[in-house]
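Structural overview
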Amino acid sequence: MSYRTMKRLLGETNFELKSLVLFGLGLTILATITFALYWWQTSGLVNEGNRQAARQLIPPIILARHWKWDQPEEMKQEFSRTIEKMTEDMLPADLVDFKYDLFSPDPSTATSPNDRPIDSNGYEAARDLKRMLRENPGEPLEIVREVEDEEAADQSEYQFYAGIVAKQSCIDCHKSLEKGADLQVGDLIGVAKISMPLDRARASIHRVFAFVISAELVKVCAGDPGHLPDRPIRH
């Protein structure tokens, strides 16, 4: 935009001040839009990263549960402790805060305490996953919840629930059990829950936000209005 055009739009009175205000306003709007775009994209990437980390833990969790179940009754208790300790020791350093649970999709009718969730959120998740499978059978059976505890921040959790759908290998294994006789491919056979501290799940977002805010503040503060007129306007 030419100097004369700006003068006609803004008027000659206090032209330098008006130009500086307009420049600062435009720079601030640009910084706000940039921050919003960074927030939108980064939040999606971090959330998907947390989902992927949780998904990768589900197969070994299922394997460990079956491994413990397949042991003789007199060895199950000691063997379970060994497997749990082995699983904990083999986790990568960045996943040590993750906790897991595996329970029945019908926890209200489960006879064993090991097949029931530890809180009401698990019961609600099981009901929601069954509804999702019934209404949208082709969609991923996943639920993410951020449970915040205002009284104890360290108890706040990122919770990832995934429905385990029966495959043919599941049918081949469970058909020998009385409760698995009617099991069919595509049925909801279990629910896996992966949880970690909420601060851990949000840490990456907070780091990126701190960087972006700092960069945008530097951009606004370091804006160079040197191209604007540096002498009074003659009337």
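Our structure is the block above this text.
A separate point is the overall build of the protein chain. Along its length, the protein chain carries six helices and four strands. For the protein chain, the succession of helices and strands along the chain, N to C, is α-α-α-β-α-β-β-α-β-α. Out of the 235 residues belonging to the protein chain, those deemed buried represent 31%. Within the protein chain, counting contacts between residues at least 6 apart in sequence, those at least 24 apart form 63% of the total. As presented, the protein chain carries roughly 16,000 Å² of accessible surface, and 56% of it is formed by carbon and sulfur atoms.

With respect to the element layout, D128 can be found in helix 4 (residues 120-135). Residue classification places D128 among the buried positions, given a relative accessible area of 19%. Not counting residues within four places of it along the chain, the set of residues in contact with D128 comprises I143 and R145.

All right, on to the pattern of salt bridges then. Any two side chains of opposite charge can pair, so long as their charged atoms come close to each other. Evaluation of the coordinates by the stated rule reveals 10 salt bridges. Notably, a salt bridge pairs E48 with R55, separated by 3.1 Å at the nearest N-O pair. Across the salt bridge formed by D106 and K130, the nearest N and O atoms sit 2.4 Å from each other. Of this pair, D106 sits in the loop between strand 1 (99-103) and helix 4 while K130 sits in helix 4; the two residues are 24 residues apart in sequence, bridging distant segments of the chain. Counted as one network, the salt bridges with shared partners bring together E124, D128, R131, E135 and R145.

What follows concerns the nonpolar core. Counting residues in hydrophobic clusters, the biggest one holds 16 residues, and the most contacted among them are F98, Y158, F160 and I194. At the level of elements, helix 2 (15-69), strand 3 (157-165), strand 4 (188-197) and helix 6 (198-221) are the ones that each hand at least two residues to this core. For this core, the element with the most residues is helix 2, which contributes five residues. Not counting residues up to four positions away in its chain, the partners in contact with Y158 are N47, N50, R51, V144, R145, E146, I194, S195, M196, P197, L198 and A201. Ranked by size, the runner-up nonpolar core spans 11 residues in total, among them A125, L133, L141 and Y161.

Once that is clear, we can look at the pairing of strand 3. Buried residues dominate strand 3, accounting for eight of its nine residues. Direction of pairing for strand 2 (residues 142-147) relative to strand 3: antiparallel, over a ladder of six bridges. Pairing of V144 across the sheet is with F160, part of strand 3. Summarising the sheet, strand 3 and strand 4 pair through nine bridges and their orientation is antiparallel. Residue pairing across strands places A162 opposite A192, the latter belonging to strand 4.

Calculation rules
Just so you know, the residues in each chain are numbered from 1, in the order the chain's sequence is written. For a predicted model such as this one, the threshold for reporting local features is a pLDDT of at least 70, and the threshold for listing and counting side-chain atom pairs is 80 or more; totals across whole chains, interfaces and linings nevertheless cover every residue. To get the side-chain values, all heavy atoms of the structure are used, and hydrogens and water are removed first. Put simply, DSSP H or I for four residues or longer makes a helix, DSSP E for two residues or longer makes a strand, and each gets a number counted from the N terminus. Burial status follows relative accessibility: with a 1.4 Å probe on protein chains alone, a residue under 20% of its type maximum counts as buried, one over 50% as exposed, and anything between as partly exposed. We call two residues in contact whenever any of their non-hydrogen atoms come within 4.5 Å of each other. Here the open area of atoms and residues is found with the Shrake-Rupley method and a 1.4 Å probe, where only the protein chains shown may cover a residue. One side-chain nitrogen of Lys or Arg within 4 Å of one carboxyl oxygen of Asp or Glu is enough to make a salt bridge. For the purposes of this section, nonpolar cores are sets of buried Ala, Val, Leu, Ile, Met, Phe, Trp, Tyr and Cys residues that join through side-chain atoms within 4.5 Å. Strand pairing requires that DSSP identify at least two bridges connecting the strands.

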